[in-house]
Amino acid sequence: MSTTTLGTLAFRPLDPLEDAELLHGWVTHPKAAFWMMQEARLEDVERAYMEIAADEHQDALIGLHDGKPAFLMERYDPAHREMVGLYEPRPGDVGMHFLVAPAETPVHGFTRAVITAVMGRLFDDPATARVVVEPDVHNTAVHALNAAVGFVPEREILKPEKTALLSFCTRAQFERAVAA
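This text gives an overview of the structure that appears in the document.

Rules used throughout
- Residues numbered from 1 in each chain as written.
- Predicted model: local features only at pLDDT ≥ 70, side-chain atom pairs only at ≥ 80, totals over all residues.
- Heavy atoms only, no water.
- Core = buried A, V, L, I, M, F, W, Y, C linked by side-chain atoms within 4.5 Å.
- Buried < 20%, exposed > 50% of the residue type's maximum accessible area, 1.4 Å probe, protein only.
- Helix = DSSP H or I, 4+ residues; strand = E, 2+ residues; numbered from the N terminus.
- Pairing = 2+ DSSP bridges.

Core analysis: the largest hydrophobic core is formed by 26 residues, its most contacted members being Met96, Phe98, Val118, Met119, Leu122, Val131 and Phe151. Where this core is concerned, the elements lending two or more residues are β2 (7–13), β4 (68–76), β5 (93–100), α3 (110–123), β6 (130–133) and α4 (140–148). Ranked by size, the runner-up nonpolar core spans 17 residues in total, among them Trp26, Ala32, Trp35 and Leu72.

Below is the structure:
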C-alpha cells in the first residue's frame, strides 16, 4: 500500500471469475488498444485470467485507488513466459504489465502514481533485482512513464504479436528516479 497526494493505492489478488466483467470493460476500452484485447468477449477475459491464476510463473493483481478497483498489474517470470528466447534473463528478473482503468475524468499524475506503486510492489520482494518490460514500440505514452520510474530501453525485439521495446529497470535506477 502507498499513500500519495492522489490517495491510497493498494493491491489485492485478482479473482478471474469475480473480476472478469470489470476487466472486460477495461481491456476492451479504446484507450487499452495496446492491451490487444479489443475484440475479447467476457469468456475470453475469464479464460485468460484463469490461465494466469493457474500458472506458477505469473500472477495478476487488481490495484485499488482509495479502496476501489482502478488498475491492473500483471507479474511474470520472463525466463518462462513472454520473453523466452528473446533475451538472456538474469536471476531476479521480473516481467511486468500494467493497465489503468478508463476514467471519465482523468486525474493528472494518476498513471505515474500507479506505475510507481506497481514498481514499488515488485521491488518489495527482495528477490526482485530488475524489472523487464516489453511495450509496443508505438506506445510512446508508456515509454515516457517507464523512463520516469527508471527504465532504460535496450533494443527493439520482435514478439509474435508486436514489435516491442525491451527495457530494464534495476532497484537502484527505480530508487533514483522516484527520489528525483
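Another aspect to go through is unusual backbone geometry. A positive phi angle is found at aspartate 66, which is not glycine, with a value near 50 degrees. Of note, aspartate 66 is situated in the loop between β3 (58–65) and β4. Overall, the relative accessible area of 48% leaves aspartate 66 in the partly exposed class. Even without a glycine there, the phi angle at glutamate 82 is positive, about 70 degrees. For glutamate 82, the location among the structural elements is in the loop between β4 and β5.

This part covers the pairing of strand β8 (residues 163–170). The buried count for β8 comes to six of eight residues, which makes it a mostly enclosed element. Of the strand pairs in this sheet, β6 and β8 are connected by four bridges, and their pairing is antiparallel. When the bridges of β8 are listed, arginine 130 appears paired with threonine 170. As paired elements, strand β7 (residues 152–158) and β8 share six bridges and run antiparallel to each other. Note that in β8 the partner of arginine 155 across the bridge is leucine 166. The antiparallel hairpin formed by β7 and β8 contains four residues in its connecting segment.

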